[in-house]
Amino acid sequence: MIKKLLAWTLCLLMTAVYCQCGKRDNSQTAATDNATDVQSADVVQDLEEYDMNGQMEVNGTKYSYYFSFKNDSRLPVVTNHEGFRYHDNVVELAVYRGKSSDIVSEHRFTKESFRQFVPESEYARCVLAGFNYNYMDADRTDVFPFVATIGDADDTAGPSYIVGIRISPSGEVTMHAIADADFSNDRHDTNIDPDEDDA
């Protein structure tokens, strides 16, 4: 009986010691995690990189496009409104007819490409934050439409500026600011089925 009692006591004692060690390790891990979070504000961060491609028809001819959105450590580092630092980004775009060897137009865009659309007071804190095919302009049959966003890398921290890009089949690039009016209530939810909204 005494052996069983000693065995249970020893087992409970070892369990208590093990649990206490586990708590110390967890608190040490939490302290290390907090220190890492504080240090991460000093690290230069990157936005997510992506590639996109698609097809379109311009003046009755079928074309394809391909672009890559990449971080570029050769560009100046940008410090946003909250003091976090980010690498700026570059977009490399190619439009081609038929096979990828028949390139019609190639362009490289950085934040500098859109400087005229960003107030000087905000420019230094902005990055090239996004790029996409402009689905709002997809009904145009004479140009290749794209859209760029220049703004704070943390999309909740500062203003963003949206620029429409139109590239002609001859490679001529025109740009225009997309004002808030272009996304009025009757157009900003174009990805939602109106029948579902009524239900």
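Quick look at the structure, then. Given the structure is predicted, the values throughout are model-derived calculations rather than measurements.

What counts and what doesn't
Residues numbered from 1 in each chain as written. Predicted model: local features only at pLDDT ≥ 70, side-chain atom pairs only at ≥ 80, totals over all residues. Heavy atoms only, no water. Buried < 20%, exposed > 50% of the residue type's maximum accessible area, 1.4 Å probe, protein only. Helix = DSSP H or I, 4+ residues; strand = E, 2+ residues; numbered from the N terminus. Pairing = 2+ DSSP bridges. Axes fitted to C-alpha atoms, helices over the stretch in contact; angles between N-to-C directions. Core = buried A, V, L, I, M, F, W, Y, C linked by side-chain atoms within 4.5 Å. Contact = heavy atoms within 4.5 Å.

## Overview of the pairing of strand 5 (residues 89-97)
Most of strand 5 is tucked away, with seven of its nine residues classed as buried. Pairing analysis gives nine bridges linking strand 2 (residues 61-71) to strand 5, with the strands arranged antiparallel. Across the sheet, residue Asn-71 finds its bridge partner in strand 5, namely Asn-89. In the sheet, strand 5 pairs with strand 6 (residues 103-109) via six bridges, with the strands oriented antiparallel. Along strand 6, the bridge assignment pairs Val-95 with Ser-105.

## Remarks on the sheet that holds strand 10 (residues 173-177)
Across the sheet, which stays open at both edges, the four strands sit in the order 7-8-9-10 with antiparallel pairing between neighbours. On the outer flanks of this sheet lie strand 7 (127-133) and strand 10, each paired with one strand and no other. On average, adjacent strands in this sheet sit at an angle of 25° to one another, irrespective of strand direction. In this sheet, strand 8 (residues 144-151) lies alongside strand 7 in antiparallel orientation, the contact comprising six bridges. Residue pairing in the sheet places Leu-128 in a bridge with Ile-150 of strand 8.

## Here's the deal with the pairing of strand 10
Pairing geometry for strand 9 (residues 160-167) and strand 10, over five bridges, is antiparallel. Looking at the pairing, Ile-165 lines up with Met-175 of strand 10. Linking strand 9 to strand 10, which pair antiparallel, is a turn of five residues; within it Gly-171 sits at a positive phi near 100°.

## Some words on the nonpolar core
Formed by 32 residues in total, the largest nonpolar core has its most connected members in Leu-93, Phe-114, Phe-131 and Phe-146. Of all the elements in the fold, those that place two or more residues in this core are strand 1 (50-58), strand 2, strand 5, strand 6, strand 7, strand 8 and strand 9. For Phe-131, the residues in contact, after removing those within four places along its chain, are Tyr-50, Phe-67, Phe-69, Val-91, Leu-93, Phe-109, Phe-146, Val-147, Ala-148 and Ile-165.

## A look at the sheet that holds strand 1
Ordered by their spatial adjacency, four strands build an open sheet running 1-2-5-6, and the pairing between neighbours is antiparallel. The outermost strands of the open sheet, each flanked by one partner alone, are strand 1 and strand 6. Within the sheet, the average angular offset between the axes of one strand and its neighbour, ignoring direction, is 15°. With nine bridges joining them, strand 1 and strand 2 adopt antiparallel strand pairing. Each bridged residue has a counterpart across the sheet, and for Asp-51 the counterpart in strand 2 is Ser-68.

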